Every structure is written in structure tokens, then in C-alpha cells.
Amino acid sequence: IALAQSPGLTLYERRAGGLWEDEDHDHDVDEGNYDGHVWLDPRNAAVMVNRIAEVLSDLDPANSDIYQSNARRLVDQLAKLDADIEQTLKPVTGVPYIVFHDAFQYFERRYRLAAAGSITANPDQPPGARRLQELRAAIVDRRAACVFREPNFEPPLVQSMVKGTSALTGIFDPEGMHLP
């Protein structure tokens, strides 16, 4: 089941150019041109939950009520989470920041956040010197409040990028590596 093709999803094209993509980065042809991190908007996650319940109900009609009930409960939890996140992030709406790689577009659009660029287009490749120069200039010019790295990315590079600026550093853990 291709959940990213579920009817009712909001899909965005990948961001390209500037501080979003290295000029030599090739996308896998199978990935298409949309940003595949669709679940990071809780409304999209709810659409996918309902699609899963629909497919399971079709495959196992005897348990359809259970699938539908579980889906309703999870969609309700997602709606509460969505409201909580919106309230929590309200004070930082529009505040520029830099992410490690461009994986958060759906989340950013949902909550009106202002990512100003990404350190790398490919999390498996470290950024080059020119990219780091461009990012440092963006941190200063756009007054980026924070530069986020991911748990598997070495902190010294991020520390050197923010040195002498007012930007802070933080960690985005999109895979929940540090959750108990």
C-alpha cells in the first residue's frame, strides 16, 4: 500500500536550489518530485491512519469494527497532538532557523515555521566548504535563531557555524533515536 498516494493527502514538491539543495545532488527517480516526509503533518498522518484502517477492513471484514475504532481513537490523539504542537510553537512562528537536512517541510508549513535552509541535501554526505560558507552567511544575514543537527551528525561542525553569532544549537531527532 503506497500510503503517500492516499486520497486526501497534502503533498509538496521538494524544495530545490539555494540553501535547500546541493547543486550536484541527484534524486532517486523512484522517489518522484514530491517531498516524501508526508507524515510530519499530523493531518496527513490522520489521512494515512484512515487509509490503513480502510485497507485492513477490506482484507479482514470480520475485524473491521476494531480497525475503524482504533483508527478513530488514533485520529483523535493526532488532533490533540496537532493542537498541542500548534500552541507550543506559536511563539516561534516566523523565527528563522537552519535544519540538518530538508525533512521537515510538512511540519514547517503546518505550524508556520521559518526554516531558512539545510546543512546538507543528503544526510549521508557531509557539506562542502562552499555550502558551509553560504550557511554561515545565512545565519548572520537572516538572523537565524538556531541551527539544528541530527543525532548522528557531529556537533563540532555546527558549533563552528554558529561561533560568533547569536544562533543557538539544538537537535532534531526525526527518527526518535533518543526516545525511551
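Residues numbered from 1 in each chain as written. Predicted model: local features only at pLDDT ≥ 70, side-chain atom pairs only at ≥ 80, totals over all residues. Heavy atoms only, no water.

> How should I be thinking about a nonpolar patch on the surface in this particular structure?
Taken together, the side chains of Ile52, Leu56 and Leu59 define a hydrophobic patch exposed on the protein surface, amounting to about 280 Å² of accessible area. Relative to the helices and strands, leucine 59 is located in helix H1 (residues 42-59). Overall, the relative accessible area of 68% leaves leucine 59 in the exposed class. (Patch = residues over 30% accessible without salt bridge, like charges linked within 9 Å, V, L, I, M, F, W, Y side chains within 5 Å. Areas by Shrake-Rupley, 256 points an atom, 1.4 Å probe, with all protein chains shown as cover. Salt bridge = Lys/Arg side-chain N within 4 Å of Asp/Glu carboxyl O. Helix = DSSP H or I, 4+ residues; strand = E, 2+ residues; numbered from the N terminus. Buried < 20%, exposed > 50% of the residue type's maximum accessible area, 1.4 Å probe, protein only.)

> Help me out: how do you make sense of the pattern of salt bridges in this one?
Should the charged atoms of two oppositely charged side chains come close, the side chains can pair. One pass over the full model with this rule turns up eight salt bridges. When the shortest N-O distance is used, the salt bridge between arginine 110 and aspartate 82 registers 2.8 Å. Taken together, the residues span a long stretch of sequence, with arginine 110 in helix H3 (residues 105-110) and aspartate 82 in helix H2 (residues 64-89) at a distance of 28 residues. Classification of arginine 110 as buried rests on a relative accessible area of 12%. Of the residues examined, aspartate 82 reaches a relative accessible area of 10% and is grouped as buried. Between arginine 110 and glutamate 86 there is a salt bridge, with the nearest N and O atoms lying 3.7 Å from each other. With arginine 110 in helix H3 and glutamate 86 in helix H2, this residue pair connects regions lying 24 residues apart in the sequence. By sharing partners, the salt bridges in this structure join Asp82, Glu86, Arg110 and Arg112 into a single network.

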